[in-house]
Amino acid sequence: MNPLKNLNNNFKIAIFLLLTGSSAMSRQVPADSLITLDDAIAIALKNSLEIQIAKNGVEANTILNNYGVAGGMPTITGTASNVEQIQNITQELQTGPGTKRRGADGNNTNAGITASLLLYNGRRVVATKKRLAELQNQSSEVLNSQIQNTIAAVMTSYYDVVRQLSYMNTVRFSIIASQKRLEIIEVRKTAGMANNADLFQAQIDLNTLNQTLTNQQLAVDVSKSELLRLLTLDPKSPVAIRDTILVDQTINIDNVLEKLAVNADIKAADNQIRISELIIRETAALRYPTVRLNLGYNYTRAQSSAGFTLLNKVTAPSAGVTLSVPIYNGSAFKRQQQVAEINSSSAKVQKQVLVRDYSSQAMKMFQTYRSSLEQLESQKANYKLSQQLLDLTLQRFQLIQATIIDVREAQRSFEEAGYRLINLNYAAKSSEIELKRLTNTLM
């Protein structure tokens, strides 16, 4: 049998295993460590510490969103005191002899319950309650934003692992070509048709590619560690990914810009504007009179072993209205209202800044997305041609119709075409993820 023909068949089998995806190699990976994108997102949403903090914020603001916190509910206060006394008493009376006694014991007992109900304070309670509701809504938008950010980060990191694994497959493919080249040269040298220089160069090239593969394995491990960090998992956890990058090609820039209004950060900015406006109403209400209805019931008991009054006990309900009118406090309330108006103006400007920046970011991401998609199809063709060129050059080299330099050049073209294709695919996917994050459509 012709040994060169046998080498050619082995090369085609190896290429077939690589081009059928990494599935042939991934079958060796334990099934329990294989993570799909949906799995990764579900784990991140469950474990994310940032999301837990945002959830706590929602829970806290939900608890605070109450009329009692706003000051609109009645307040009831109970008081009680008991005082024991030892008294020195000296009394002189017009009606007769007086009283003089040292060390007389006495007791004073007081107890009461008071209820106060706010009747009017310039509608400050109403404004405060609405502000608390807006704070709750704002914290919900912050949670939504954190969820979108987490999903986007996980997706980007997940596809970065896919990208690094694709790089590795390209290097493996090139290693197979270098091994075939080395084997051809070894067969030629045995037949006296090649020299040591070609043999040494082929071995050096193969060793260099093996080192590149080792470095690429490090890049894969680093990208997996970053993914595990986002999933809040043990960084030593085994993880395998078997996936491809598929890009949604239906995104339209007009729809993206239109949907920026539903972005969670922009909606939270809208909440902040309303919160600032309600703070203006609250501070303005401080300049209005406050009217309270007060109800109470008091019990008083005073007892002494000597003196004019030996026992005095009083029980009495009470009711009344308290009017408090702010007259002058150094214009503090007026100044607080002016500051609140400035803060409200700043909140509106901050929203404009956010809309401006997100619109610019969306446009830049869409340009990257569109450009990557436009180049992707031609690069797929280039990649396929580079594979065919490498295969053809190896066949010509086998037939002594091409030089070792031709093979190295074909390998270089194949590697560069592979890297460009992978990078374009990843750039398009990353841009797609960011555009969907900006429009709140990742979920």
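Residues numbered from 1 in each chain as written. Predicted model: local features only at pLDDT ≥ 70, side-chain atom pairs only at ≥ 80, totals over all residues. Heavy atoms only, no water.

## Here we look at the overall build of the protein
Stage number 1. Of regular secondary structure, the protein possesses 11 helices and 4 strands.
Stage number 2. Of all 443 residues assigned to the protein, the portion counted as buried reaches 37%.
Stage number 3. Within the protein, contacts between residues at least 6 apart in sequence are counted, and of these 83% link residues at least 24 apart.
Stage number 4. Here the protein displays about 25300 Å² of accessible surface, and carbon together with sulfur accounts for 55% of that area. (Helix = DSSP H or I, 4+ residues; strand = E, 2+ residues; numbered from the N terminus. Buried < 20%, exposed > 50% of the residue type's maximum accessible area, 1.4 Å probe, protein only. Contact = heavy atoms within 4.5 Å. Areas by Shrake-Rupley, 256 points an atom, 1.4 Å probe, with all protein chains shown as cover.)

## Some details on the packing of helix H6 (residues 124-190) against helix H11 (residues 404-438)
Stage number 1. Contact geometry of H6 with H11 gives a least axis separation of 10 Å together with a crossing angle of 170 degrees. With respect to each other, H6 and H11 are oriented roughly antiparallel.
Stage number 2. Considering only residue class, the contact of H6 with H11 consists of 15 nonpolar, 11 polar and 8 charged. (Axes fitted to C-alpha atoms, helices over the stretch in contact; angles between N-to-C directions. Parallel < 35°, antiparallel > 145°, perpendicular 65-115°, else oblique. Nonpolar A, V, L, I, M, F, W, Y, C, P; charged D, E, K, R; others polar.)

## Side note on the nonpolar core
Stage number 1. One finds Val-154, Met-155, Tyr-158 and Tyr-159 to be the most contacted residues of the largest nonpolar core, which totals 66 residues.
Stage number 2. Contributions of two or more residues to this core are made by helix H3 (37-47), helix H4 (49-64), H6, helix H7 (196-230), helix H8 (253-259), helix H10 (332-398) and H11.
Stage number 3. For this core, the leading source of residues is H6, giving 17 residues.
Stage number 4. Leaving out residues up to four positions away in the same chain, Tyr-159 has contacts with Leu-37, Thr-244, Ile-245, Tyr-426, Lys-429 and Ile-433. (Core = buried A, V, L, I, M, F, W, Y, C linked by side-chain atoms within 4.5 Å.)

## Quick notes on unusual backbone geometry
Stage number 1. Despite not being glycine, Thr-232 has its phi angle at roughly 55 degrees, a positive value.
Stage number 2. Using a relative accessible area of 34% as the deciding quantity, one classes Thr-232 as partly exposed.
Stage number 3. Backbone geometry places Ile-400, a non-glycine residue, at a positive phi of 60 degrees.
Stage number 4. Turning to its location among the elements, Ile-400 is positioned in the loop between H10 and H11.

## A few points about the packing of aromatic side chains
Stage number 1. Tallying each qualifying case throughout the model produces 5 aromatic pairs.
Stage number 2. When the ring of Tyr-158 is compared with that of Tyr-159, the centres are 5.6 Å apart and the planes differ by 90 degrees; the resulting orientation is edge-to-face. Taken as a pair, Tyr-158 and Tyr-159 share a single burial class, namely buried.
Stage number 3. Judged by centre distance (5.5 Å) and plane angle (25 degrees), the ring pair of Tyr-383 and Phe-414 falls under stacked. Taken together, the positions of Tyr-383 in helix H10 and Phe-414 in helix H11 put the pair 31 residues apart, joining distant regions of the chain.
Stage number 4. Judged by its relative accessible area of 0%, Phe-414 is buried.
Stage number 5. Three or more aromatic residues joined by ring pairs form one cluster here, namely Phe-173, Tyr-383 and Phe-414.
Stage number 6. A cation over a ring is seen here: Lys-129 above Tyr-67, with NZ or CZ 5.2 Å from the ring centre.
Stage number 7. The lysine or arginine in question, Arg-188, covers the ring of Phe-397, its NZ or CZ lying 4.2 Å from the ring centre. (Phe/Tyr/Trp six-rings, centres within 6.5 Å; stacked < 30°, edge-to-face > 60°. Lys NZ or Arg CZ within 6 Å of the ring centre and 35° of its normal.)

## Thoughts on the side chain of Thr-128
Stage number 1. Looking at where Thr-128 falls in the secondary structure, it is placed in helix H6.
Stage number 2. Excluding residues that lie within four positions of it along the chain, Thr-128 makes contacts with Ala-70 and Glu-282.

## Re a nonpolar patch on the surface
Stage number 1. Together, Leu-117, Leu-119, Tyr-120, Tyr-288 and Val-321 give the surface a local cluster of nonpolar side chains, amounting to about 470 Å² of exposed area.
Stage number 2. A total of 3 residues in the nonpolar patch trace back to one element, the largest contributor, which is strand S2 (residues 96-120).
Stage number 3. With respect to the element layout, Leu-119 can be found in strand S2. (Patch = residues over 30% accessible without salt bridge, like charges linked within 9 Å, V, L, I, M, F, W, Y side chains within 5 Å. Salt bridge = Lys/Arg side-chain N within 4 Å of Asp/Glu carboxyl O.)

## Quick look at H6
Structurally, the α-helix is built with 3.6 residues per turn, so residues lying three or four positions apart point the same way.
Stage number 1. Relative to the 99 Å expected for 67 residues at 1.5 Å per residue, H6 spans 98 Å between its end C-alpha atoms, a close match to the ideal helical length.
Stage number 2. Of the residues one or two after H6, Gly-192 is the one with positive phi, at around 75 degrees. (Expected span 1.5 Å × (residues − 1).)

## As for the confidence of the model for the protein
Stage number 1. Confidence in the prediction of the protein, expressed as mean pLDDT, is 87, and 87% of residues score 70 or more.
Stage number 2. Note on residues 1-31: pLDDT under 50 across the span, and 36 contacts to partners over four residues away in sequence or across chains. (pLDDT = per-residue confidence, 0-100.)

## Concerning the pattern of salt bridges
Stage number 1. Scanning all chains against the criterion turns up 18 salt bridges.
Stage number 2. With a shortest N-O distance of 2.9 Å, Asp-357 and Arg-356 are connected by a salt bridge.
Stage number 3. For Asp-357, a relative accessible area of 35% translates into the label partly exposed.
Stage number 4. Salt bridges sharing common partners tie together Asp-248, Lys-429, Glu-432 and Lys-436.

## Quick notes on the packing of H6 against H10
Stage number 1. For the pair H6 and H10, the least separation of the axes is 10 Å and the interaxial angle reads 10 degrees. As the angle between them shows, H6 and H10 are arranged roughly parallel. Between H6, through Thr-170, Phe-173, Ala-177, Lys-180, Arg-181, Ile-184, Ile-185 and Arg-188, and H10, the contact on the second element is made entirely by Tyr-383, Gln-387, Leu-390, Leu-394, Phe-397 and Gln-398.
Stage number 2. When the residues that make up the contact of H6 with H10 are grouped by side-chain class, the tally is 8 nonpolar, 3 polar and 3 charged.

## Side note on the side chain of Asp-160
Stage number 1. Tracing the backbone shows Asp-160 in helix H6.
Stage number 2. Exposure remark for Asp-160: the relative accessible area of 15% places this residue in the buried category.
Stage number 3. Setting aside anything within four residues of it in sequence, one finds Asp-160 in contact with Ser-223 and Tyr-426.

## A word on H4
Stage number 1. Taking 1.5 Å of rise per residue, the 16 residues of H4 would be expected to cover 22 Å, and the 23 Å separating its terminal C-alpha atoms lies within 8% of that figure.
Stage number 2. Restricting attention to buried positions, one finds in H4 the residues Ile-51, Ala-54, Val-58 and Asn-61. Looking down the long axis of H4, one finds its buried residues gathered within 90 degrees of arc, a one-sided arrangement. Residues of H4 that are exposed and angled more than 90 degrees away from the buried face: Leu-49, Ile-53, Glu-59 and Ile-63.
Stage number 3. Of the surrounding secondary structure, the elements contacted by the buried residues of H4 are H3 and H6. (Arc of directions from axis to C-beta.)

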